[in-house]
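A look at the structure
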Number of protein chains: 2
Amino acid sequence: MDASLQPFFHPAGIAVLGASHDPVKLGFGVARNLTQSGYTGAIHLVNPRGGALMGRTVFADLADVPDPVDLAVVVVPAAAVPGALRACGARGIHAAIIASGGFREVGEAGAALEQECAQIARELGIRLVGPNCIGLLDTHLPLDTTFLAPPPPTAGDVAFVSHSGAICAAVIDWASGQGFGLSRLVSLGNQTDVCETDVLAPVASDVHTRVLTLYLEGVREGRRFIEQASLVSRDKPIVALKVGRFAAGQRAVASHTGALAGQEAAYNAAFQRAGVIRAETNEEMFDWARALAWCPLPQRREIAILTNAGGPGVVAADAVEALGLPLAAFSDTTLARMRAVLPAAASVHNPVDMLASAGPHEYGECLRALLDDERVGAVMVIMPPPPTHSAESVCEALVPIIRASSKPVVFALMGENLIRRASDVLRAARIPDYRFPERAASALATLVRRAAFVSAPAPVPARRDDVRPAEARAVLDAAADGFLGQDAVARVLGAYGIDLPRIALATTAEDAVTVAAQLGFPVALKVASPDIPHKSDVGGVLLGLGDADTVRAGFATVQANARRAHPTARLDGVHVQRMLPEGQEVIVGAVQDPQFGALVMFGAGGTEVEGVKDVAFALAPLPHAEADAMIDGSWAGRKLRGFRNVPPADRNAAMEVVLRLGQLVADHPDIAEVEINPLRVRPAGEGAVAVDVRLRVSRETR
Amino acid sequence: MDASLQPFFHPAGIAVLGASHDPVKLGFGVARNLTQSGYTGAIHLVNPRGGALMGRTVFADLADVPDPVDLAVVVVPAAAVPGALRACGARGIHAAIIASGGFREVGEAGAALEQECAQIARELGIRLVGPNCIGLLDTHLPLDTTFLAPPPPTAGDVAFVSHSGAICAAVIDWASGQGFGLSRLVSLGNQTDVCETDVLAPVASDVHTRVLTLYLEGVREGRRFIEQASLVSRDKPIVALKVGRFAAGQRAVASHTGALAGQEAAYNAAFQRAGVIRAETNEEMFDWARALAWCPLPQRREIAILTNAGGPGVVAADAVEALGLPLAAFSDTTLARMRAVLPAAASVHNPVDMLASAGPHEYGECLRALLDDERVGAVMVIMPPPPTHSAESVCEALVPIIRASSKPVVFALMGENLIRRASDVLRAARIPDYRFPERAASALATLVRRAAFVSAPAPVPARRDDVRPAEARAVLDAAADGFLGQDAVARVLGAYGIDLPRIALATTAEDAVTVAAQLGFPVALKVASPDIPHKSDVGGVLLGLGDADTVRAGFATVQANARRAHPTARLDGVHVQRMLPEGQEVIVGAVQDPQFGALVMFGAGGTEVEGVKDVAFALAPLPHAEADAMIDGSWAGRKLRGFRNVPPADRNAAMEVVLRLGQLVADHPDIAEVEINPLRVRPAGEGAVAVDVRLRVSRETR
């Protein structure tokens, strides 16, 4: 952990600047919560009016506060915050939580005030959390610097880091009804200094925290977030809800890749790389967090479902299969053990339907048999109110069996009044319960996903060392911003081992005929222009020209078509290229994402790629496993393995292009966009050809 | 309503056969619930042992029960049920709920017993609900024939019809915690007589029922379900959870359409036609049901979000936009009205962030302004615990404003303890509250969807009257089961106004040359064989043959390729066809779904259709609006309107083929599968050509 952040998480003494007697003021709430939190360090209340509060003397001046004190909670009005920070510096306090609002969130004047505070803090070496936040909570230390109305949060093992204070307040209250507690909570506010990335390691270092949840409206430094989250996620799961999906403005882009590579594609690729599990809703995030915090990880994917009624079993099986998980097939031993305790009419196959008469004995023996079966990875126990037993009596019988097992068990405890005590029993034993099988299945799927993640090696980008970065660099340095000419493109990609087909520029029709004869018929003609990005869209491409006459006529045609579509474009002539052998055509592209850097796309190419949207993304440079998964992430990629009458293509060659193109754009951030469309992937063993490539240089993205 | 079902929903007197003194027996539960339900008709308890129960005399014999009695609840052991039904017949009772289990669900002997009961009931004119069910509930009549443990369900306006008794039990209990009540509940059990379709109209006829929810594991008669559900859904919304998605076995199919047209595609098409809203989870179904039961329908799609904190507003905006709904832009008047009551730092644009200080006044005035704005269709009010006001004080202020408006308002009331009383306030006023904005947004989207449904005219299948069914019928009657020859296919489709290109069969190479010369070069050759479904997969198709020599050689090639791939196939020669003009290529197919009948598919064709899966389905015959929506349901269909350099195609011609092919398969159920792949859709105004068609006849599907 960054030592300068230590006072936020393990303060020796805390001063509350702006502690107030007025119960409607935040300064009262902070003083109340801190003194009542059980915090065992020194607590110093500060207010120019002095007096006493919460049975403590209020210091009129921070300078008078005795040692120890290493953290300030600032709840004075916004205009007084710069002065408060100077006072902190003078008193030797180098960490402050600014709870006060009235800064960037209220407009320009507030933003200027926030800038001033940040400047003062930098000068005096003070780390800041906030402003405009609700501060920090640690239920185990314990510590509570918030001003929230009671009840305080229940102690637990789920940490929550949030860009929204209101969501903190809601989650603290809501969690108590969901039966899970919080370990640490950090409300980040305007993040004028400390941001989400900074607190990942400190929060994860807490022994009581078993899982981190993040409410994110963005991240400040993309690559550093990935780096820090990757470190944490090997050890403790991170579940994130990232909102603001539709907020981002569109950037100006000239490639299909650029048009499709929105902010969301980049976040998904970043979370994938960092091992962060992305939730779609708040409830999903905490549903998953509870399971991750409380359950052992499954050693295999097969799920067993144990129920006392058919309908919920069908619901569960549906949900499990919809999430891509297999239902376990049981061993003969397991089947026999269950038959021995169940009525003849029960179904011992998955989902196991014990019938409505099932009580603690039947549930217990069957669950034991399922957990003993090596073909079972995890179990969902379903319990609508059992008609002839209390749900809590069943749960009490099951807790020791679950505790003794190394496999995860989650419950669908269906109802309200009739299952409330059963729910209490499970929660006390840290066994996750959900109201319906669909949510229980979703939790199991997350456990399976996490198990796969921790059993896979940490991703290491595959770097090819037969590349010549300096050669590419020289071409890029010599280029103006904008699209590179075809020769320059060929040199840049060639330096990274991606070969373009032999191609020659012809400036006249006769020139084109001569060049075509040299290359060999049939040939393709493409209009040569740095100003026309989608050449086939404007009739600028002719294919399969078989003799001199058609090449001569074709030259005139593509020039005329291009001129008609782009009257002011620079036309350099026509590129002549020998027609290429057949293959499957895909697109491989890359852009610089403003937040996360080089982002690679793979999928179905052609001119309709933006309509078809059969593409997948990953961050560059790519680990082998991610390139592999990205190729399988589109139908066009899966088809490389062959499909019916489509023969298998040279998937390895396509993979190599993906890795090398990723390495190229990661090495050279001034490549704003590059797109191979199509990459023609020939039959296995015969390689892949970058038929058409466009590359745009921009100093802005460097 | 079917008069024979009247006694289930409005019984004059009820006899409980198997009423028991033993509290662990179902017969005790039924007697307890019925007598305690407040049912005002006659209640007769029957048990051979006689005596008294619940303060009533128990009749030893059903024959002794006095009038009125028109409904029996049977809870005797399975083996005694046939006798009980005969006793009902003798007593003149023509409606019975068999709650007892031990029938089809326990195996063959039980199935035989169930058959016997069904036979007796048919002979005696007795309608049956069950067996193996928990019976009926009506909270308003009131009436309770179940044996469920108390507490009984809260009265409300959501009806629930269920194939699972356990889910009934769970939902009754769970609903009490969710703040909504049930009107009628029907547990259908094994459905030996009365099924889900039978009860739709009777349940919907209840004045207290404002929305129907269905838990379905299937439907018994597809077309009748659609018919009945369509009648109900014009008047009252139906939300269905259909499970068993993965249970259906695969049928043997020979077409792409058949391979892709699974049970789920058919159910989705059926629900679409019937106006049934399909939920994916139990919680979603009841989230939506509450909103549909309680809220007026929005007159427009634009959503306003009103919040006291930024984070939840972003979450809400994300969720609303992800569901395809637009955020409202407010009028100047609205903006001014909100500015007048809010602090300067508040944001009056959507989402409206009033800041944490907002209380009853701010919430009230802003909500009033939003509801008055004609650009706003519906409002989501978000409330994490307001720091300086109680949530209930805010809600109390808002209830009259919402009650006075004709626009829907839903709440995201975030928390647990701090919002519980506020939740009670809203629920008492029948205003839906959800814990997080995501679920509130989902409820709003359902209201918008329902509003669109009720404002659209009832779907009427578009039937073309220039078709010649008898001509098609004659060809089909003359055909053996299996694939039809090309001539017969041309006649069948021709009779429905779908023209195939001129095509001729050539049995020798010279014959092919002669025919090609007649049709005009260039031509295509296709192997003619009833045994080879995917001709291009085996090299059985050659395109663009420009002269006699290539046709001659081509004949030998396709014959040899076909022979190599299918050594035992019957080869009739080669079909010769003039090469067709260019166009966009799509697939139009149809199959007979065993449950719902003729099902039409439209989408991206070619040989990879099963991999690409860019297709949509609808039931035939199709209303215009559904054909339109189906075409727009795939990228290939949307592309018919044109995309970048792809010119618009003759979408009307494609639509006409869809409607006519649908009419054909609906008229002739022995057309098991028919597939036009590709249908070449030429530029606007130039029509569409069914390039390749396969049609399989099967008497099984007639």
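None of the values given here were measured: they were computed from a predicted structure.

1. Observations concerning the overall build of chain A
In terms of helices and strands, chain A carries 24 helices and 30 strands. C-alpha atoms of chain A, sized along the principal axes, occupy 100 × 80 × 40 Å. Burial status across chain A gives 55% buried among its 702 residues. Taking the intrachain contacts of chain A between residues at least 6 apart in sequence as the baseline, contacts between residues at least 24 apart amount to 72%.

2. Observations regarding the interface of chain B and chain A
Note: interface size is frequently given as the accessible area lost on complex formation between the parts. Listed by partner, the interface residues are 59 residues for chain B and 58 residues for chain A. Of all elements in the fold, only helix H5 (165-178), helix H10 (282-294), helix H11 (310-322) and helix H21 (609-612) of chain B reach the threshold of two or more residues within the side of chain B that touches chain A. Counted by class, the side of chain B that touches chain A contains 28 nonpolar, 17 polar and 14 charged residues.

3. Re helix H18 (residues 486-495) of chain B
Residues and elements named next belong to chain B. Among all positions of H18, only Gln 486, Val 489, Ala 490, Val 492, Leu 493 and Ala 495 are buried. Looking at the packing, one finds that the buried side of H18 touches helix H17 (469-478), strand S21 (503-506), strand S22 (523-528), strand S24 (573-578), strand S29 (688-690) and strand S30 (693-697). Two residues or fewer after H18 comes Gly 497, characterised by a positive phi angle close to 80 degrees.

4. Focus: the relation of the copies chain B and chain A
Superposing chain B onto chain A takes a rotation of 180 degrees plus a shift of 0.0 Å along the axis, which leaves an RMSD of 0.1 Å. One copy is carried onto the other by what is essentially a two-fold rotation axis. Minimal C-alpha separation from the rotation axis in chain B is found for Val 612 of chain B, amounting to 4.9 Å. Same-surface contact between copies: 98% of interface residues of chain B are shared with the interface of chain A.

5. Considerations on the nonpolar core
Soluble globular proteins tend to bury their nonpolar side chains together. One finds Leu 599 of chain A together with Leu 599 of chain B to be the most contacted residues of the largest nonpolar core, which totals 456 residues. Other than its neighbours up to four places away in sequence, Leu 599 of chain A contacts Ala 261, Ala 265, Ala 266, Ala 269, Ala 590, Val 591, Asp 593, Phe 617, Leu 619 and Ala 620 of chain A. Ala 504, Ala 512, Val 513 and Val 541 of chain A belong to the second-largest nonpolar core, a separate cluster that totals 23 residues.

6. Thoughts on helix H20 (residues 548-565) of chain A
Here H20 of chain A is 18 residues long and its end C-alpha atoms lie 26 Å apart, about the 26 Å a rise of 1.5 Å per residue gives. Along H20 of chain A, the residues that are buried comprise Val 551, Gly 554, Phe 555, Val 558 and Ala 562 of chain A.

7. Considering the environment of Phe 483 of chain B
All names here are of chain B. Structurally, Phe 483 can be placed in strand S20 (residues 482-483). C-alpha of Phe 483 to C-alpha of Val 674: the two residues are 191 residues apart in sequence and 9.3 Å apart in space. Once residues within four sequence positions are removed from consideration, Phe 483 is found in contact with Pro 530, Arg 694, Leu 695 and Arg 696.

8. Comments concerning the pairing of strand S18 (residues 409-413) of chain B
Residues and elements named next belong to chain B. Among the five residues of S18, five are classified as buried, and the element is accordingly described as predominantly covered. Taken together, the five bridges between strand S17 (residues 378-383) and S18 define a ladder with parallel strand orientation. Bridge pairing in S18 links Ile 382 to Ala 412. Once the chain exits S17 it traverses helix H14 (residues 391-403) before rejoining the sheet at S18, and the crossover so formed is right-handed. Both S18 and strand S19 (residues 433-434) contribute to a ladder of two bridges, which runs parallel. Directly across from Ala 412, in S19, lies its bridge partner Tyr 434. Viewed along the sheet, the connection from S18 through helix H15 (residues 420-428) into S19 turns out right-handed.

9. A closer look at the domain arrangement of chain A
Assigned domains within chain A: domain 1 (3-209), domain 2 (296-455), domain 3 (469-578) and domain 4 (584-701). Relative placement of domain 1 of chain A and domain 2 of chain A: their C-alpha centres are 43 Å apart.

10. A word on the sheet that holds strand S14 (residues 276-279) of chain A
Residue and element names in this part refer to chain A. Judged by pairing direction, the sheet is mixed, and its seven strands sit side by side in the order S9-S8-S11-S10-S12-S13-S14 without closing on themselves. The open sheet has two edge strands, strand S9 (143-144) and S14, and neither has a second partner. Here strand S13 (residues 238-242) runs beside S14; their pairing, made up of four bridges, is parallel. In the sheet register, Ile 238 faces S14, and the bridge partner there is Val 276. Where helix H5 (residues 165-178) meets the sheet, it contacts strand S10 (155-162), strand S11 (182-187) and strand S12 (211-216), and its direction lies at approximately 165 degrees from that of S11.

11. Some details on the sheet that holds strand S16 (residues 352-353) of chain A
One open sheet holds the five strands; their spatial order is S16-S15-S17-S18-S19 (chain A), and the pairing between them is parallel. The open sheet has two edge strands with one neighbour each: S16 and strand S19 (433-434) of chain A.

12. Structural notes on unusual backbone geometry
Omega for the peptide link from Asn 677 of chain A to Pro 678 of chain A comes to 5 degrees, which places this bond in the cis form. The residue Pro 678 of chain A is located in strand S28 (residues 671-681) in this model. A cis geometry characterises the amide bond from Ala 620 of chain B onward to Pro 621 of chain B, with omega recorded as -5 degrees. Inspection of the secondary structure puts Pro 621 of chain B in the loop between strand S27 (615-619) and helix H22 (624-632). A positive phi angle, close to 55 degrees, is found at Gln 191 of chain A, a residue other than glycine. The class of Gln 191 of chain A is buried, set by 21 C-beta atoms lying within 10 Å. In the Ramachandran plot, Leu 355 of chain B falls in the positive-phi region, its phi being about 80 degrees despite a non-glycine side chain. Assignment of secondary structure puts Leu 355 of chain B in the loop between strand S16 (352-353) and helix H13 (360-372). Classification of Leu 355 of chain B as partly exposed rests on a count of 19 C-beta atoms within 10 Å.

13. Some points on the environment of Ala 569 of chain B
Residues and elements named next belong to chain B. With respect to the element layout, Ala 569 can be found in the loop between helix H20 (548-565) and S24. Separated by 63 residues in the primary sequence, Ala 569 and Asp 632 place their C-alpha atoms 39 Å from one another. Apart from residues no more than four positions distant in its own chain, Ala 569 is found in contact with Ser 529, Asp 531, Ile 532 and Ala 562.

14. Some thoughts on the packing of helix H3 (residues 81-91) of chain B against helix H4 (residues 108-124) of chain B
Residue and element names in this part refer to chain B. Running from N to C, H3 and H4 cross one another at 5 degrees; their axes reach a closest spacing of 9 Å. In terms of orientation, H3 lies roughly parallel with respect to H4. In contact with Val 81, Pro 82, Leu 85, Arg 86 and Gly 89 of H3, H4 contributes Glu 116, Cys 117, Ile 120, Ala 121 and Leu 124.

Cut-off values and rules
Residues numbered from 1 in each chain as written. Chains lettered and ligands numbered in written order. Predicted model: local features only at pLDDT ≥ 70, side-chain atom pairs only at ≥ 80, totals over all residues. Helix = DSSP H or I, 4+ residues; strand = E, 2+ residues; numbered from the N terminus. Buried ≥ 20, exposed ≤ 12 C-beta atoms within 10 Å, placed from the backbone. Contact = placed C-beta atoms within 7 Å. Nonpolar A, V, L, I, M, F, W, Y, C, P; charged D, E, K, R; others polar. Least-squares fit on C-alpha atoms with pLDDT ≥ 70 in both. Core = buried A, V, L, I, M, F, W, Y, C linked by C-beta atoms within 7 Å. Expected span 1.5 Å × (residues − 1). Pairing = 2+ DSSP bridges. Right-handed = clockwise from strand over helix to strand, strands pointing away. Domains from an automatic or database assignment. Axes fitted to C-alpha atoms, helices over the stretch in contact; angles between N-to-C directions. Parallel < 35°, antiparallel > 145°, perpendicular 65-115°, else oblique.

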